[in-house]
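Listed here are the chains, written in short residue letters.
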Amino acid sequence: MLLLKLNAVLRGGEVEQKQSFTQRFQEAVNSSWIPRAALAHLPRLDNTKLIVDDGFRTNLESMGGGEVGYADDSGYEVVVAPTLAKKPERTLTHEFIHVLDGHDRVPFDEESIFRSKETAGLYRIFKGQVAGEAMNEAVVEHLTDSMWNGELDIIDPLSKVRKRAVYTIERSLLHTLAQKGVKKVNVRRFIAAHFEDQDQTEVFGKDSAQTKLVEALREAFPFANVIEELSELKTGETVKETHAAIQKYCMRLERRTNKYLALRVGGAVVAKLRGRTQAS
Ligand SMILES: [Zn+2]
């Protein structure tokens, strides 16, 4: 009975929820945070069913209290925790951004009505469950929080602007990759790759958003293949253990950047001194 009642609360506002999200999304496109091509994904919201569950699937506050399921472009399901039924907007922003992600065409699997997570968003670049899921959540949550609080370029999870955002460890990985290399990677590159469909990747080839992100990461971390290293991270026994592995990797990567920069500066000084000795 309770479930039916809660469902009614959200269902009444379903059209408005989708409309206000669409408006926010349009604004983000107009601000050049999201590529204009992503607007073509908006009709998917018409095939998205909103459900308030009993709290079993969505009880984790640290994960924002929402969940999304996809069945190709034909149908989507967004589940929201009952505690959020009266104020679901922020959680829905996060889940709708998942719904609008770019993905690869996959043959329809008769065993399951849902398309696999591995073919969506940044999972296509960062293979492996830990990195793939972490990068998808990081980008989706960072964009969600920016759509609510502004300041897209402030990625640091410790920043005051980001205090309401969830998926903190995942966002610290995005922060490290975007801002702790020898060169910064614009967060819009991660967002563009998230929304890019397989056909766009094929059409644009070396100019595709995914290719450009991979190249930018190579330039930011010339001393390592970060994509390959991250793809090898293993899932821990618990979420805490998985998070610890991500954190450890971030700290190590930052140390390696500092070492690389120190050696380069050191090398330049030595070369300059040598030049001077030769000249004298
Ligand atoms: Zn999510």
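To start, this report covers the structure provided alongside it.

The rules we used
Residues numbered from 1 in each chain as written. Predicted model: local features only at pLDDT ≥ 70, side-chain atom pairs only at ≥ 80, totals over all residues. Axes fitted to C-alpha atoms, helices over the stretch in contact; angles between N-to-C directions. Helix = DSSP H or I, 4+ residues; strand = E, 2+ residues; numbered from the N terminus. Parallel < 35°, antiparallel > 145°, perpendicular 65-115°, else oblique. Contact = placed C-beta atoms within 7 Å. Nonpolar A, V, L, I, M, F, W, Y, C, P; charged D, E, K, R; others polar. Buried ≥ 20, exposed ≤ 12 C-beta atoms within 10 Å, placed from the backbone. Pairing = 2+ DSSP bridges. Expected span 1.5 Å × (residues − 1).

### Topic: the packing of helix α4 (residues 129–149) against helix α5 (residues 168–179)
Between α4 and α5, the least distance of the axes is 8 Å, while the angle of their chain directions is 90°. Taken together, the axis directions place α4 and α5 in an arrangement best described as roughly perpendicular. Listed contacts from α5 to A134, M135, E137, A138, V139, E141 and H142 of α4 are E170, R171, L173 and L174. Of the residues belonging to the contact of α4 with α5, the class tally is six nonpolar, one polar and four charged.

### Remarks on unusual backbone geometry
One non-glycine residue, S32, lies in positive phi territory at about 65°. Mapped onto the fold, S32 is located in the loop between α2 (14–30) and β1 (48–52). You can call S32 exposed: it has 10 C-beta atoms within 10 Å. The phi dihedral of E151 is positive, around 60°, even though this residue is not glycine.

### Digging into the environment of A209
The topology assignment puts A209 in helix α8 (residues 209–220). Note: C-alpha distance between A209 and E196 (13 residues apart in sequence) is 6.7 Å. For A209, the contacting residues outside a window of four places in its chain are P35, R189, A192, A193 and E196.

### Observations concerning the pairing of strand β3 (residues 75–80)
In β3, alternate side chains face the same way, and those of Y76, V78 and V80 are buried while those of G75, E77 and V79 on the opposite face are not. In this sheet, β3 lies alongside β1 in parallel orientation, the contact comprising five bridges. Considered in β3, the bridge of L50 is made with V78.

### Some thoughts on α4
For α4, spanning 21 residues, the distance from its first C-alpha to its last is 29 Å, which sits close to the expected 30 Å at 1.5 Å a residue. Burial analysis of α4 places 18 of its 21 residues in the buried class, the great majority of the element. Positive phi shows up at G150, right after α4, with a value of about 75°.

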